[in-house]
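Single-letter residue listing:
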Amino acid sequence: MIERVHEHIIGELNTNARTDTIFVITAIILNLITLGINSGLASSGADTTQTIVMFTFVALIIVVNFVSEIGLLRGRVMRKKLLDGLLKMYKDQGVEGYYDSSLLSDYSLRYNLFMLTVLFTGLIAIIIPFIIR
Amino acid sequence: MLSSLALPSWTLAQEDRIDLSLRLLPDYYYREVTPGQTTTLFMEIRNNGNQAITGIRLDANEPEGWTVEFEPGSISYLGAGSSQTVDVNVTAGEKSTQGDYTVTILAEANETRAATSAVLRIEDGPSFWLWIGIGIVGLVIAGFVIVFLRFGRQ
């Protein structure tokens, strides 16, 4: 039974990693695309239609970035819980010496860096078109 | 009669030439202005022709929200070869944002007309839209801090 639980935890960790990758890549690509579109709109003129389109894209950036950040935060919490369970399992089996518990803090740092990247590309995608305008 | 045959006189019929020119002083590519403030440009109106020009009326084609006033607003008589300076008071629109704006000045006289243009640039201080952007970014950062505190608990 313990092998099944172990496989389940590993499976959850893989799913968690895939989901986080999707969140990060989607947010960054969308931020860069929107940065290009809004910069083009901002430099081409200042009529009402362009302003509405620009603000719509800004709203999209905000929503997608919030979703990504919340997803990454929840992903970090979930990964920590899964790894805690895994460590406990290794401890019970007497093999905890093969897994360095400092990996947990490394994962946490990596998540913070991902979130910072998403946040900053999002902020740049918002502010640059307003500077151009 | 004889004298006219011996020494034919040349009557140089001077062709009537009407030439009105406008020149902004000093020459510049563009001039910086501030929204809502009046900037005075100096314009020289010169009659380069050999005939007097009368009834010169000045008008401007300015961007929306801008005002252009001339001092004097009209010139009744400008002799051949003479010139006159006119103050062009340009007030940039309060809501004008950063960018280049062209003001076209027209001088229409009874005999002819002339035009010139000036490029006026607004670039002092952050624009209205920049403040909007900074406001949005501030709200987003505040939102992320809340999200981080709310969902980041381990």
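Notes on the structure follow.

Procedures and definitions
- Residues numbered from 1 in each chain as written.
- Chains lettered and ligands numbered in written order.
- Predicted model: local features only at pLDDT ≥ 70, side-chain atom pairs only at ≥ 80, totals over all residues.
- Helix = DSSP H or I, 4+ residues; strand = E, 2+ residues; numbered from the N terminus.
- Buried ≥ 20, exposed ≤ 12 C-beta atoms within 10 Å, placed from the backbone.
- Contact = placed C-beta atoms within 7 Å.
- Pairing = 2+ DSSP bridges.
- Axes fitted to C-alpha atoms, helices over the stretch in contact; angles between N-to-C directions.
- Expected span 1.5 Å × (residues − 1).
- Core = buried A, V, L, I, M, F, W, Y, C linked by C-beta atoms within 7 Å.
- Parallel < 35°, antiparallel > 145°, perpendicular 65-115°, else oblique.
- Left-handed = near helix turned anticlockwise from the far one by under 90°.
- Nonpolar A, V, L, I, M, F, W, Y, C, P; charged D, E, K, R; others polar.

The subject of this paragraph is the overall build of chain A. What chain A contains, in helices and strands, is three helices and zero strands. Each helix (α) and strand (β) of chain A, taken in turn from the N terminus, gives the series α-α-α. Here chain A, with 133 residues, has 26% of them falling under the buried criterion. Restricting the contact set of chain A to residue pairs at least 6 apart, pairs at least 24 apart contribute 83%.

Looking only at helices and strands, chain B features two helices and nine strands. Sequence-ordered secondary structure for chain B, helices as α and strands as β, is α-β-β-β-β-β-β-β-β-β-α. Here chain B holds 154 residues, and the buried ones make up 16% of them.

All names here are of chain B. What the four strands build is an open sheet, ordered β1-β3-β7-β5; its pairing is antiparallel. Across the chains shown, the open sheet's two edge strands, defined by having one partner strand only, are β1 (20-25) and β5 (67-71). Averaged over all adjacent pairs, the angle separating strand axes in this sheet is 30°, with direction ignored. Judged from the five bridges that link them, β5 and strand β7 (residues 83-91) form a sheet pairing that is antiparallel. Along β7, the bridge assignment pairs F70 with V88.

Another aspect to go through is helix α3 (residues 103-132) of chain A. When the terminal C-alpha atoms of α3(A) are compared, their 43 Å separation across 30 residues agrees well with the 44 Å that a helix rising 1.5 Å per residue should span. Three or more residues of α3(A) are buried, namely A:Y111, A:F114, A:M115, A:V118, A:L119, A:T121, A:G122, A:A125, A:I126, A:P129 and A:F130. On its buried face, α3(A) is in contact with α1 (2-44) and α2 (48-92) of chain A together with α2 (128-151) of chain B.

Time to look at the sheet that holds strand β4 (residues 53-61) of chain B. Residues and elements named next belong to chain B. In space, the five strands of this open sheet follow the order β2-β9-β8-β4-β6, with mixed pairing throughout. Unpaired on one side and paired on the other, β2 (31-33) and β6 (74-78) mark the two borders of the sheet. Going from strand to strand, the sheet's axes swing by 35° on average, the running direction of each strand aside.

Residues and elements named next belong to chain B. Core analysis: the largest hydrophobic core is formed by 20 residues, its most contacted members being I45, I56, V88, V90, V103, A107 and L120. Secondary-structure elements contributing two or more residues to this core are β3 (38-47), β4, β7, β8 (99-108) and β9 (113-122). Ranked by residues supplied to this core, first place goes to β8 with four residues. Ignoring anything within four residues of it in the chain, the contact list for I56 reads I45, S74, I75, L78, A107 and A109.

The next point concerns α1(A). An ideal rise of 1.5 Å per residue puts 63 Å on 43 residues; α1(A) measures up with 63 Å between its terminal C-alpha atoms. Among all positions in α1(A), only A:D20, A:F23, A:A27, A:L30, A:N31, A:T34, A:L35, A:N38, A:L41 and A:A42 are buried.

Here we come to the packing of α2(A) against α2(B). With their axes 10 Å apart at the nearest point, α2(A) and α2(B) run at an angle of 20° to one another. Regarding the angle of α2(A) to α2(B), the classification is roughly parallel. You can see that α2(A) and α2(B) cross each other, and the crossing is right-handed. Packed against α2(A), whose contacting residues are A:V58, A:I62, A:F66, A:E69, A:I70, A:L73 and A:R74, the element α2(B) presents B:I136, B:V140, B:G143, B:F144, B:V147, B:F148 and B:F151 at the interface. Looking at the contact of α2(A) with α2(B) residue by residue, the class counts come to eleven nonpolar, one polar and two charged.

All names here are of chain B. Pairing analysis gives four bridges linking β4 to β6, with the strands arranged antiparallel. Residue pairing for β6: T54 is matched across the bridge by Y77. Relative to β8, β4 runs antiparallel, the two being bridged by five bridges. Following the sheet pairing, L58 is matched in β8 by A107.

Attention now goes to the environment of A:F57. Residue and element names in this part refer to chain A. Of note, F57 is situated in helix α2. As for F57 and L30, which are separated by 27 residues in sequence, their C-alpha atoms are 9.9 Å apart. Residue contacts for F57: discarding those within four places in its chain leaves T34, I37 and N38.

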